[in-house]
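Observations on chain architecture
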Amino acid sequence: SNRKIVAIVGPDASFAVDAAGPILTKAKVAFVSGSATRVSLTGGQYPTFFRVAPNDDVQGPTDANFMIKTLKAKKVVLVDNQTDYSIGLNTSVEKVLQAAGVTVTHLSTQTTQTDFSAAIATIASDVNVVFLPLEVPANAQLFADQMTVQGKHAILFGADSVFSPTDFHPEGAYASSFAPDIHDLPADAALVKAYKAKYGDFATPFGPVVYAAADVVLRAVKTACSQGTPTRAKVLAAVRKTRIPNSILGGTLRFTSHGEPVNARFYVFKVANGKYKLIP
């Protein structure tokens with residue numbers, strides 16, 4: 001209802017986009033998320049929605065193909081916590097795994113669950129990989145710790161939701177991310193240095209993607225201001241035409257007609273000595 005608000009950075013999660021989407025669509029205001037990855041969000045029901053991160057139809061095949069080609073997995077357990085995020089991502093992963101002849105089984109937990117011992121007890125000794133698309137990284141670490149207690153040695157693979165070196169760090173585990181580690185991007189060296197000098201270091205990819213989303217919005221507002229009073233319609237039109245040659249995430253950031261980032265991809269990291277190392 002506040003007409004002075006001409007664009008929104010966020011929401012951060014898919015369920016939050018679904019909650020706010022009808023309101024923001026009715027208001028005809030552009031909203032740009034850094035990390036909402038559910039595929040259906042860009043299906044047309046929210047025509048003013050954009051995201052700078054790739055969707056789960058990119059993450060699922062990326063993670064599944066890594067399990068197949070690099071980890072040589074033959075048996076994989078997919079864990080969900082009964083959320084749309086975990087179930088949807090597992091569905092995407094399962095399609096690719098089954099097409100390659102990989103045996104897939106499922107374990108279902110609850111969002112508030114911290115004792116996974118009963119579920120872990122059902123994991124067969126010949127399982128190669130356990131996939132963890134849990135929303136809380138600390139819970140994924142608890143799952144890993146409880147696997148160790150039971151002598152289970154399958155490789156753990158965390159989805160982007162558990163990407164947190166401080167909270168999820170089982171040695172030898174893997175985690176995927178919708179963004180690169182900008183510490184490793186030469187073009188971002190000055191920005192990283194300036195941020196660390198003022199605020200200290202950062203360990204997760206969520207800051208850079210929100211920065212990228214805010215960058216889109218602010219550039220669009222600047223363009224609208226050059227045309228007079230910055231209205232929602234002018235800002236939305238400018239967001240649609242976004243083209244940032246040197247995005248903080250690397251490469252050029254621009255959107256498809258559905259609000260998806262062009263040529264965005266997921267990245268896979270390995271946990272080594274408590275740190276995340278990018279797999280080329």
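What you are looking at is a predicted structure, and each value in this text was computed from that prediction instead of being measured.

1. Some details on the pattern of salt bridges
- Inspection of the entire model under this criterion finds five salt bridges.
- Between K75 and D126 there is a salt bridge, and its shortest N-O distance comes to 2.5 Å. One end of the pair, K75, is in strand β4 (residues 75-80); the other, D126, is in the loop between α4 (117-120) and β6 (129-132), and 51 residues separate them in sequence.
- Under the relative-accessibility criterion, K75 is labelled partly exposed at 32%.
- Each of the salt bridges in this network shares a partner with another, and the network as a whole consists of D18, R38 and D84.

2. Some words on the packing of aromatic side chains
- Inspection of every chain in the model, using the stated rule, returns 13 aromatic pairs.
- Between F66 and F157, the aromatic rings sit 5.9 Å apart at their centres with planes inclined by 75 degrees, giving edge-to-face as the arrangement. In this pair, F66 is assigned in helix α2 (residues 56-69) and F157 in strand β7 (residues 155-158), connecting sequence segments 91 residues apart.
- Note on F66: relative accessible area 10%, which makes it buried.
- F157 gets classed as buried once you look at its relative accessible area, which sits at 0%.

3. Some remarks on the packing of helix α7 (residues 206-225) against helix α8 (residues 232-240)
- Interhelical geometry of α7 versus α8 gives an angle of 125 degrees and a closest axis separation of 8 Å. Judged by the angle between their axes, α7 and α8 are oblique. Classified by chirality, the crossing of α8 by α7 is right-handed. Only K234, V235, A238 and V239 of α8 make contact with α7, whose side of the interface consists of V216, A220, V221, T223 and A224.
- Considering only residue class, the contact of α7 with α8 consists of seven nonpolar, one polar and one charged.

The rules behind each value
Residues numbered from 1 in each chain as written. Predicted model: local features only at pLDDT ≥ 70, side-chain atom pairs only at ≥ 80, totals over all residues. Heavy atoms only, no water. Salt bridge = Lys/Arg side-chain N within 4 Å of Asp/Glu carboxyl O. Helix = DSSP H or I, 4+ residues; strand = E, 2+ residues; numbered from the N terminus. Buried < 20%, exposed > 50% of the residue type's maximum accessible area, 1.4 Å probe, protein only. Phe/Tyr/Trp six-rings, centres within 6.5 Å; stacked < 30°, edge-to-face > 60°. Axes fitted to C-alpha atoms, helices over the stretch in contact; angles between N-to-C directions. Parallel < 35°, antiparallel > 145°, perpendicular 65-115°, else oblique. Left-handed = near helix turned anticlockwise from the far one by under 90°. Contact = heavy atoms within 4.5 Å. Nonpolar A, V, L, I, M, F, W, Y, C, P; charged D, E, K, R; others polar.

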